[in-house]
Each structure stands twice: as structure tokens, then as C-alpha cells.
Amino acid sequence: MEPDVSIETSSMIRVAVLPIGEVPPPILRDYVSMLARHRKIDLSTISSFYTEHQKSPFAHQPWDSGSLRFKFMLGGSPPSPWEDFQSNRKILAVIGICHCPSSPDLDAVVEQFSAACKSYSSALVQRCFAFFPSDSQLEDGSKRGGNLILFPPSDRQTQEFHLHTMMQDIAASLLMEFEKWVLQAESAGTILKTPLDSQASLSSEEVIKAKKRRLGRAQKTIGDYCLLAGSPVDANAHYSTALELARLTGDYFWYAGALEGSVCALLIDRMGQKDTVLEEEVKYRYNSVILHYRKSFIQDNAQRVSPLSFELEATLKLARFLCRRELAKEVVEFLTTAADGAKSLIDASDRLILYVEIARLFGTLGYQRKAAFFSRLVAQLYLQQENRLAAISAMQVLAMTTKAYRVQSRASISKHSLPNEIGSSHADGGKMHHHSVVSLFESQWSTLQMVVLREILLSAVRAGDPLAAWSAAARLLRSYYPLITPPGQNGLASALANSADRLPSGTRCADPALPFIRLHSFPLHPSQMDIVKRNPAREDWWAGSAPSGPFIYTPFTKGEPNDSSKQELIWVVGEPVQVLVELANPCGFDLLVDSIYLSAHSGNFDAFPISVNLPTNSSKVITLSGIPTSVGPVTIPGCTVHCFGVITEHLFRDVDNLLLGAAQGLVLSDPFRCCGSAKLRNVSVPNISVVPPLPLLVSHVVGGDGAVILYEGEIRDVWISLANAGTVPVEQAHISLSGKNQDSVISVAHEALKSALPLKPGAEVTIPVTLKAWQLGLVDLDTNTSKSGSGSMGRQSKDGSSPMLLIHYTGPMANPGESTTNGSVVPPGRRLVVPLHVCVLQGLSFVKARLLSMEIPAHVGEDLPRPVSVENSSTEKVNGSASKTDRLVKIDPYRGSWGLRFLELELSNPTDVVFEISVSVQLENSNSKDSLSVDCNAAELGYPKTRIDRDYSARVLIPLEHFKLPILDGSFLVKDSQADGVTSGRSSSFSEKNIKAELNASIKNLISRIKVRWQSGRNSSGELNTKDAIQAALQTSIMDILLPDPLTFGFRLAKNGSESPKESNIQVHTPGSKGSVLAHDMTPMEVLVRNNTKEMIRMSLSITCRDVAGENCVEGNKATVLWAGVLNGITVEVPPLQEIKHYFSLYFLVPGEYTLVAAAVIADTNEILRARAKTDSPDEPIFCRGPPFHVRVLGTA
């Protein structure tokens, strides 16, 4: 059998192409490629070389449309025993190729060519083409003539034209030789035999049959030469005669050959045109050919020679003719029949050729798996031969099957598709479609795939190709480790190592081996390296943009839309970056990875290699790092690994596909799960872009970065050091606060940072920050209690409870050497997060607080006292020389008595240190009027310190100045009436809601002026928050404090029974004024009653005088005081916001201390009075009693 046969093969003239002399292989291939372009020579082009010596036997030669076909056999071929049967098997011409620069001696060339031609006795034409001869060779060759053809040096086009002319000459010479042979065969006849012919002597009848048989075979051979000469009509006529004679003589073998020739003549005559009728005719005739080849089988010759190869060859020719998808069923039947017949072939080379042709035809149909199956049979036949060339052939054939078995090497994939695949994987955001997973992994083929790879490995080892052997072992170990026993895995590892020993250092292979590598994560930038987009149009350039963190989505972008379908990652030129990858070794041997580093295709990234040792069945997460070197996008599709002596590239998407296939049951196993690794979500490689160098601020706390331990309310300065670790200066910087308990940051030295700008690389600046520890909540206190019970210090530093400094800073608008007007993107800025780690310990704790008041009766005096203004001023004037008592003990203008108020705080010390409490009151600014603000420069009044030992409690009394509360005077009533309207008497103006609102202003003023500070040891000091305590103490008596009594009573001595016209206010004496009441003397007095409401009050006034024992000394039998005037049952009316006076006189019989008390019963009550008296009954009278006034009566001398 012969390879690459078709029906048209019978019309091809075989030409042996032989290299003569030393011809370098590349040059020989070039000459042969030039020659191969002239496989077909038209008859119309050879007329100038053709000479008709006698009448041509080819009567129907198509000179206008016919052609001669050539089949060039490089290196020639040995003579075939079937040359008489099929004339196209003969070598009918010999062409020698000589490269003159390598063969200077033309005599030697001619001799070598003559010697080579002796092996081809059937050759009718010999020519030796000598290319690029020298001048001397040209001169010598022109003298020689003969078969040596010199091709002078010239360009390629001229060479090809010259060669085409020489091929026309050869075609004409062959045509004339064919005519001679046919004429001789027709006149003299010839004896034609095949190996099938019997050598036994013939009987007389058989002699007659043999003569007819010889005549029929001659007609068949003449028909073959007619086909070779390009005359299908003449060939068909001779084949018809041969068919008739072969049928009569029973020469089935030659009958089949003649019928084959007639089919070829039919196709040549049709000039390659195909239609259904022609196809049916060809099928019909070839079925007859196959049948007659089968009939020619002789059992006696079965062991020696068999026509089976011709039968199978005819089957292949028909299958090749019909080979297209529409007729696939018929073609498959023919190929299956041919494959079944391969078992009966005697010659192994015939079987090899048959399998090759079947595989090719299945491949043409698109049946890749069937083609791969027969290709493997071819490889097995090659492997049965113990030589290197056969092993190389087997390896090459098996390499062609790898695509069908899904085990092909990456190197076999076209290089132009690789960037597209990489790009598409980035565009898809790491998504993998189902069909591509199926195409990559098919677990049901695992055993067959292993066999194929094992055969490739074996053939590569025999062929001495270490790289192919390494690739096959790597694919086998990587894809099918679950099906390979540990000894087998060790054997493959040894094969990898042995192959690597035969390879030069630094060899790269497209197929990765171990380990399996998947992308684990991109570590977040630390808080000191956050990148923020920069808006140069705004002064606060960071506003509206979130830190990159390193991704576009960070916890700081809460609520912001993210239109990007894929994450974006920003790297900075010159700053090291890290990527976490996970390695897995699921095999039964320790794996040493000599080096592994990130693979960057963009060329602007320098990766740092590291070595890793992976024990048996283990996985490990490692950190790979590198430095971006220039601005632009960075592509990192995987890692480059140096393992088993060879450098390979491991793509992340390959492992992602593998894991997806494992999840869908398409692959054997998940290597990471086999090694005990946790299930990891699929991490896609983000879009990475590199920006120009940026400044980099690094912060640390002076004295240590640990938490600052503070007691509640403690104030301390913390020094933050900022250093520029970048390569460009910091030109802009802004400090802001974030996080919880921002109020605990009292001050930040903004100017210290701004004064240091621009902060050059390597420079450092220190910023003081003043902190005040916040109050612990109830949850913190409960936790503190439980921890203290177990012996802990009770520190409270919950995550996220400490405030943070946010420093937004930027470098220059453009890098040095770059213009800012070229439209380049402004470099981003950065955000430094400096957490102020504060550990708050529980300090002094409040147990309870309450407001205490003391009432000191006033004295009735003679002199007019200094009045206390209550109408216009809301802040009391304080004389700098006044005593403490004058500042703290004030007249209550509504009761006429002295009042002293204390805020009592009960404090507990649960800590193990001693606290000293000091109270200071900031005095009011004497120049501020109608204002509740406090001047920061006002003087402070201090009080003695209080010491609280550990695990003890103490009460601290804070004396309070008499603060001014809103009063129920005209302005208050007018304001409320305007707010509430003049209609229906709504009582909401006196509701508790309005009362609280009015009280808050006074409370805030009071709290702002009282400071309760503590100190513990030398350096620990702080301030207590008394706001809540004072509010809680005051809230219990809002009504009593805010609203004055409806009536105010006062006593004074009357001068000559008349009233001073300027005395319209309540007048009393200070404790320092001296009285002038004498015993045994009639003393005129007056009682003043003021109406503090807007309504007229009708009342019954009574005056009582009591001695030191509290007994009534005016009435009864033991009265010691006589009086003149009316003291009881005085019915009076007091106008709104006015006062009335009632005069009377007292005569004291006994010197001593007396007390005057005025009281009144209000009969007609209104809404205001009921609200103040806290009663709802309109019929119940309201009793008002004034404060006691002391009278000191002196005896007479």
C-alpha cells in the first residue's frame, strides 16, 4: 500500500528527486518547494519542445485542455513488484538537484547523478539541475551539455521561470517516450506479470487463455500510459478492450485494475466536475473493483502475497472521493470495512499506511476522536520498532491526537489565540462559561487520556526529546494525580527530574506541572497608605471621593454607587505591593519550588522570587511581592514557577476553571480540598493601574504606639510624629476627626503641620494632640465590674470607641519634568488614618447628687439696705472686693430672706489609686449683660480640696451662687401671653415643658462656670463631668425654683409713719446693719405685700409676733408685746404686680429676740395661683406664709 492515494493517482507521473553532492537541508527544501509548484504542466505549453517522429498513438490527445501530472518523490523510492500491474508506480523520470557552491566539481556531480540513475531502470528521462554555478562552472557546463542543466545566478522569479521551462522540456520528453513505448507494445507485445501469477507449467488450453490474458494486460497497460500522457479518451478505449479480455479469461485482478483506470479516465475527462450522476457511477464501478479484487484472492498464495492491499486501497480511494459531511455515513462504513481488513494484512508497513489513511479521512470528516484512535494505532506500530526515528514518528503522531483527547500541550495552541484568551478572561471578569469547562475537562476519558500521555512520555524518552518527555509527565501528573498511586507519582517526579537534567538551564515549558496555584487575595492597603482621588478644582480636594483602600469599594463608600463591573486596584510607582496566592501539593512526595514570582505581561512590574517547600498533601498561602516601575496598567495573569528544573507559567484562570469543573463534577478532584484547604470564593484579578510616585506619611506615637491609659475625664497631651517615607514632598495636608468620641479630642495643633509644609522626603514633624477621656457607659461599667471581680484592671478600650485623626495629604500636581498643561491626569492624594488608641479606666463614679438649700431669716433694720435689682439684669454685678459670703449668700427677692444653696455630689472611688477633688467657680464677667456666656478670662474662686481614698466614698459640697431664674413678672407674663394668644385661658404657658425650656439656659450657665477637677499622683489629672449630676439635682424641684411665690411679704421700720417716695421695692437690712428697736418704746412698723401675678388678689392679711420660744407674744394672758393698729383679719386688695403697705406699731415690754411673720388667705383663686399651689380645686382657699423676720429688741439703760 501507498500513502495519500486517490482515484487520480493513476494519472500521475512519478519523478524521483535526488540531492546530488552536498546540499544543505534548508537550501534543498527551498529548491524542492520551487519544484513542487510545477506538479501540473499543460500540454499546450510543451509544443515547442515536442517533436512527432511518427504518428502518435494518442489519437484523441487534448492538446488544448489536457495536462501532464507529476508526483515528486523526494529521495526516490524502491522499485515495486506491482509496477507492471500499475504503470504509475514506476519512477519514470529522475531529477537531480545540485547546489554548485557546495559542489565545485561538476565532473563528480555528473558521475554521482549517473550512478544514482542506475537504480531507476524504468526512468525514461534524467535531468540534473545545478543551481548558482560559478562563472567557471558555467563555462565548463556549456561545453558538457547532456543531462546537466545549469541555472545561472539570478533572482527568484527568473529562477522559477527557468525551472518551469525545464519542466516543460521534461514533460515533452516523457510524452515522446510514452508514444514510443505504446507503439512498441502494440506491435511486438510484452510480457506482464504480478506476484499473484502462478509459476506452474501451463496446459494447452491454459496456453491459449494465457495469450488472451497477456493481450488484455497489454491493453490495460497501454491504457495506463494513455492516462499518464494526459489522454483519457484513448485510455478509456484501451481499458474497455482490457476489461472484455480480462472478463473472458477470468483475470479478475487485472479486470479490477482496468476498471480502476477507467474510473480515473472518467474523472480526468470530466475535468474535476462532480455531480450526483458521476458520484453514483464512480460508486458503482468502485464497488465492482473491490468485488473483483476480492475474487482474485487465491488461498495458495495467501501466505506469500495477497490482493487484499489493493482491495483496501480501492476502498480508501472511494472513501476519499466521497469524503464530505453529507455522505459521512457511507464513508464511515467504507473506513470501518478497511479497518477490519487491516488484521489480514501481511506487511506491517501496509497496516501502518492503512491506519494513517483512515485517521486522515476521519479527521477530514471532523470525527476527531476516531481519527485519534487510529493515530494511536499508528503510534503503537511505530513503537514496536526499536529505533529512535520510529519513536520520533510515534511521538509526532501522538501529538496530533492530544487535541481530540483534550490533553494537548499549550505549545500546540496557536500563539495568536493566547493573548485573545487572556484578554477575554479579563473582559469577562473571571467568569467561565460552561461549554469551555466541558471542553477542558472530561473525567470520563481520564483512563484513556492517561494512556495517551503515557505513550507520549514513552515515545519522547525513546526519541531522546527531554522537553516533550517533561511536558507529557507534567500533564500526566497535574491532571491525573488522583488516579496514580504514590509510587507512580514518584516515578513521574523522577521522570521530570531526569528530563530536566538533559535540558539546558533556564528552559521554559508551556505546560505547568506542580504545584497548583490559585489567587487568594489582594491584601488591603494599611490605613497609612489609602489612596484618595483628587479634585483639583476644590480646596477640599478629597471631598466627594473615597479612599481606594486599595479597591474602589471600601467601607468608607457606604451608599455610593459603584458602576464599575470589576474592581480596580491602584498601585504606586516605587512602592512594594503584595499578592496572596495559595499553593497546593496533592501528591505523595515533598515538593520543592525553587522559585515562584508574579508573572507580569505588561513590562512595568518587577517581581521578587521566593522559594517554597510543600510537604506531602499540603497547601500553603504565601505572599508574593514586587514593585511597579512605571505608570500604566499592570496585567498579572498568573505566576512563573521554577520547579523540577524547568520554568513554567501557571495561569490563575486555569485553576479557576479546574475548581469550577470540580464543583460541577467534570474533573476528578479539587487539589486544594484534597490538601485540607478551606473553600475559597473565586477571586478575579482586578484592573490594576499604576500611578506616579506619591508622598507617604508614616505616623507613630511618641513614647510608644500602645494605648494611652486614662481615667474618666483625664486630660493628657499625646504627641504624634509624622514622617514622609515617600519620594516626593507633601505639599498639602488637612487634619480632621473621625470615629467615636470625637469630643474627647480637645485640640489638635493644625498649625504645627501646616508650618512644616512642604514636608520633604525623609522630613518629620511632631503634632501635639490634647485628649480628654470620655465617660464610660453602663455596658462598660458592667463589664468593668465583672473584670474587676476577677482581678483585672478593668480597662475599657472597646474596638472602634477611640477617635481617629484623618490626614488628607497630596504631593505636587505633576511629577518633576512633566508639564501640567499636557492634559495628564492629576496624581491622586492619600489619606492617613491615625487611631488614637485610648484605654479608659473607670475613675470616680457618681453615687447620687442633690440640691441643698438653707434659709437665713432677715433682720428688720432702720437704715435703708442696698436693693437687689430683679427686673432688668440677668447677671448680678460682682464687686471685686466683696467677701465670699456676699457672693454666695444672697437675698431671695421673692421671699425677703437670705438663701444659701449647695450641690452635694456623693462620689465613689472604686479604683486602686487616691484622688484629690478640687472645686472652682468661675466668676461672672461684670461687663456682660443679658448674656449666658462665660468669659474664659474671668477669675476663678477655689475651695478646699477633698481627698477620696481607694474603695471609699465621699461627699463634695459645691456652693452655688444664687443664679437668676426667669420670674413671674410682667415681662414673663407678656411673653407667654404673646406666645399663647389672647383667647381662651390655656394653661400650657405654665406647663412643665415650658418650665424646663426656661430652666435649661440657667443650668447651662451654671454648669459652664463650675469646674470639678481631680488629681491622682503627679501626672494624672482630669475633670469631672457635673452636667448630668446638676441637671438631675435641679430637675426634682423645677416648680419651686422656677416660679416665685404669688405674694412677697416684707417688714421694715417706718420713719415718722411716712414712706419714702422712692421705696417701691421690698427693702430689708443686710445682716451687717444695726437695729434701733428699744424696749418700752412704741415702734412704728410697716408690712409690705407685693403681688407677683398679673391678676388682682383679694386676701385676708394677718401679722404674728413670736418670741424665741415660738410662742405668740401678742395674744393671750402672757402677752409681752403691745400693739397699735390692726394685726388680724386685714382685708386688702393688691393690684397686679404692685405692692401695698400696712402700718402698725409694736411696744416691746421685754428685750430679746422676736420674729415677725406675715400670712394671708387668698379667697378668690385663679389659674396662676392654683398652678403655683399645685391644687386643682377652684373652691379651696390658698394660704400664703411669708418668711420670718428677726427683730432684736434692746433694753433701756
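All of these numbers come straight from a predicted model, not from anything done at the bench.

Draft legend 1. Structural detail: the overall build of the protein. Per the secondary structure count, the protein includes 28 helices and 49 strands. A separation threshold of at least 6 residues defines the contact pool for the protein, and within that pool the share at least 24 residues apart is 78%. Approximately 57800 Å² of the protein is accessible, and the part contributed by carbon and sulfur atoms is 52%.

Draft legend 2. Focus on the pattern of salt bridges. Per the stated rule, a full pass over the model turns up 34 salt bridges. Of the charged contacts, one joins Glu-260 and Lys-317 as a salt bridge, the two residues approaching to 3.0 Å between their closest N and O atoms. One end of the pair, Glu-260, is in helix α7 (residues 252-269); the other, Lys-317, is in helix α9 (residues 308-322), and 57 residues separate them in sequence. Among the salt bridges present, the one from Arg-1098 reaches Glu-1133, with a minimum N-O distance of 2.8 Å. Here Arg-1098 is found in strand β43 (residues 1097-1106), whereas its partner Glu-1133 is found in strand β45 (residues 1130-1134), with 35 residues between them in sequence. Taking the relative accessible area as the measure of exposure, Arg-1098 reaches 40% and is therefore partly exposed. It is possible to trace a salt-bridge network through shared partners that takes in Glu-2, Arg-14, Arg-89 and Glu-313.

Draft legend 3. Region of the structure containing the side chain of Ser-499. Relative to the helices and strands, Ser-499 resides in helix α18 (residues 486-501). With relative accessibility at 7%, the residue Ser-499 sits in the buried group. Ignoring sequence-local partners within four residues, the contact set of Ser-499 consists of Pro-466, Ala-469 and Trp-470.

Draft legend 4. A look at the nonpolar core. Phe-70, Phe-129, Trp-571, Val-581, Ile-596 and Phe-644 are the most contacted members of the largest nonpolar core, which has 186 residues in total. Residues from two domains meet in this core; each of domain 1 (7-187) and domain 2 (508-557 + 564-691) gives at least three. Trp-571 has contacts with Phe-522, Val-577, Val-579, Phe-605, Pro-628, Val-634, Ile-636, Ile-688, Ser-689, Val-690 and Val-691, leaving out every residue within four places of it along the chain. Formed by 38 residues, the second largest nonpolar core is a distinct cluster that contains Val-1087, Val-1121, Leu-1156 and Leu-1169.

Draft legend 5. Local environment of the pairing of strand β34 (residues 915-922). Judged by how many residues are buried, β34 sits mostly within the fold: 6 of 8 residues are covered. In this sheet, strand β36 (residues 946-948) lies alongside β34 in antiparallel orientation, the contact comprising 3 bridges. If you follow Phe-915 over to β36, its bridge partner there is Ile-948. Pairing analysis gives 6 bridges linking β34 to strand β38 (residues 1010-1016), with the strands arranged antiparallel. Note on β38: the bridge partner recorded for Val-919 is Val-1012.

Draft legend 6. Geometry of the sheet that holds strand β44 (residues 1121-1124). Sheet architecture is open: 4 strands sit in the order β40-β42-β46-β44, paired in antiparallel fashion. The outermost strands of the open sheet, each flanked by one partner alone, are β40 (1047-1053) and β44. Sheet twist, expressed as the mean angle between neighbouring strand axes with direction ignored, is 30°. Bridge count for β44 against strand β46 (residues 1139-1148) is 4 bridges, and the pairing is antiparallel. When the bridges of β46 are listed, Val-1121 appears paired with Phe-1148.

Draft legend 7. Helix α17 (residues 466-480), seen in detail. If you check α17, its first and last C-alpha atoms are 21 Å apart, about what 15 residues at 1.5 Å a residue would give, namely 21 Å. Of all 15 residues making up α17, 13 are buried, and the element is well covered by its neighbours.

Draft legend 8. Broad picture of the packing of helix α6 (residues 232-249) against α7. At a closest axis distance of 9 Å, the pairing of α6 and α7 adopts a crossing angle of 160°. Judged by the angle between their axes, α6 and α7 are roughly antiparallel. For α6 against α7, the interelement crossing comes out left-handed. On α7, the residues that touch Pro-232, Val-233, Ala-235, Asn-236, Tyr-239, Ala-242, Leu-243, Ala-246 and Arg-247 of α6 are Tyr-255, Ala-258, Leu-259, Gly-261, Ser-262, Ala-265, Ile-268 and Asp-269.

Draft legend 9. View of the sheet that holds strand β5 (residues 125-131). Strand order in the open sheet formed by 6 strands is β2-β3-β1-β4-β5-β6, with mixed pairing between adjacent strands. With one partner strand each, in any of the chains shown, β2 (40-42) and β6 (148-151) form the two edges of the open sheet. On average, each strand axis in the sheet is tilted by 30° relative to the strand beside it, whichever way the strands run.

Draft legend 10. Structural context of the packing of aromatic side chains. Inspection of the entire model under this criterion finds 28 aromatic pairs. Ring centres 4.2 Å apart and planes at 25° place the aromatic pair Trp-181 and Tyr-225 in the stacked group. Here the residue Trp-181 occupies a position in helix α4 (residues 156-188), and Tyr-225 occupies one in helix α5 (residues 204-228), the gap between them amounting to 44 residues. Put simply, the rings of Trp-82, Phe-85, Phe-253, Trp-254, Tyr-293 and Phe-310 pair up and form one aromatic cluster. Lying over the aromatic face of Phe-85, Lys-220 brings its terminal NZ or CZ to 4.6 Å of the ring centre. Taking NZ or CZ as reference, Arg-518 lies 4.1 Å from the ring centre of Phe-672, over its face.

Draft legend 11. Region of the structure containing the pairing of strand β18 (residues 646-651). Where burial is concerned, most of β18 is hidden: 5 out of the 6 residues are buried. Strand direction decides the pairing type here: strand β7 (residues 508-509) and β18, joined by 2 bridges, are parallel. Paired with Cys-509 across the strands is Thr-648, a residue of β18. Judged from the 6 bridges that link them, strand β17 (residues 638-643) and β18 form a sheet pairing that is antiparallel. Residue pairing in the sheet places Gly-638 in a bridge with Leu-651 of β18. The antiparallel pairing of β17 with β18 creates a hairpin that spans 2 residues between the two strands, and Phe-644 there sits at a positive phi of about 55°.

Draft legend 12. Fine view of helix α10 (residues 328-341). Taking 1.5 Å as the rise per residue, α10 with 14 residues should run 20 Å; its terminal C-alpha atoms sit 20 Å apart, in good agreement. Within the span of α10, buried status applies to Ala-328, Val-331, Val-332, Phe-334, Leu-335, Ala-338, Ala-339 and Gly-341. Each element contacted by the buried residues of α10 is listed here: α8 (276-295), α9, α11 (348-365) and α12 (368-383).

Draft legend 13. Quick peek at the environment of Pro-78. The topology assignment puts Pro-78 in the loop between β3 (67-74) and β4 (91-99). The class of Pro-78 is exposed, set by a relative accessible area of 68%. On a C-alpha basis, the gap between Pro-78 and Ser-119 in space is 8.4 Å, while along the polypeptide they are 41 residues apart.

Draft legend 14. Broad picture of the environment of Leu-806. Mapped onto the fold, Leu-806 is located in strand β27 (residues 803-810). In contact with Leu-806, not counting residues within four places along its chain, are His-734, Ile-735, Ser-736, Ser-738, Arg-831, Leu-832 and Val-833.

Draft legend 15. Geometry of unusual backbone geometry. Across the junction of Leu-514 and Pro-515, the peptide omega takes the value -5°, indicating a cis bond. Mapped onto the secondary structure, Pro-515 falls in the loop between β7 and β8 (516-521). Residue Leu-757 is joined to Pro-758 through a cis peptide bond whose omega torsion reads -5°. Mapped onto the secondary structure, Pro-758 falls in the loop between α21 (750-755) and β25 (764-772). With a phi close to 55°, Asn-741 is a non-glycine residue in the positive phi region. Within the secondary structure, Asn-741 is located in the loop between β23 (732-739) and β24 (745-748).

Draft legend 16. Here's a closer look at the side chain of Arg-534. Residue position: Arg-534 is located in the loop between β9 (530-532) and β10 (568-572). In this structure Arg-534 is buried but unpaired, with Glu-731 as the nearest side chain of opposite charge at 5.8 Å. Among the polar contacts made by the side chain of Arg-534, one reaches the main-chain carbonyl oxygen of Gly-811 at a distance of 3.3 Å. Residues within four places of Arg-534 in sequence aside, it is in contact with Trp-541, Gln-732, Thr-810, Gly-811, Pro-812, Met-813, Val-826, Pro-827, Pro-828 and Gly-829.

Draft legend 17. Quick look at the environment of Arg-478. By the element assignment, Arg-478 lies in helix α17. Along the primary structure Arg-478 and Phe-516 are separated by 38 residues, whereas in three dimensions their C-alpha atoms are 8.1 Å apart. Reaching out from Arg-478, the side chain makes a polar contact with the backbone oxygen of Ala-513 at a distance of 2.6 Å.

Quick notes on the rules
Residues numbered from 1 in each chain as written. Predicted model: local features only at pLDDT ≥ 70, side-chain atom pairs only at ≥ 80, totals over all residues. Heavy atoms only, no water. Helix = DSSP H or I, 4+ residues; strand = E, 2+ residues; numbered from the N terminus. Contact = heavy atoms within 4.5 Å. Areas by Shrake-Rupley, 256 points an atom, 1.4 Å probe, with all protein chains shown as cover. Salt bridge = Lys/Arg side-chain N within 4 Å of Asp/Glu carboxyl O. Buried < 20%, exposed > 50% of the residue type's maximum accessible area, 1.4 Å probe, protein only. Core = buried A, V, L, I, M, F, W, Y, C linked by side-chain atoms within 4.5 Å. Domains from an automatic or database assignment. Pairing = 2+ DSSP bridges. Axes fitted to C-alpha atoms, helices over the stretch in contact; angles between N-to-C directions. Expected span 1.5 Å × (residues − 1). Parallel < 35°, antiparallel > 145°, perpendicular 65-115°, else oblique. Left-handed = near helix turned anticlockwise from the far one by under 90°. Phe/Tyr/Trp six-rings, centres within 6.5 Å; stacked < 30°, edge-to-face > 60°. Lys NZ or Arg CZ within 6 Å of the ring centre and 35° of its normal. Lys, Arg positive; Asp, Glu negative; His and termini not counted. Polar contact = N/O pair within 3.5 Å; in protein donor to acceptor, adjacent residues only side chain to side chain.

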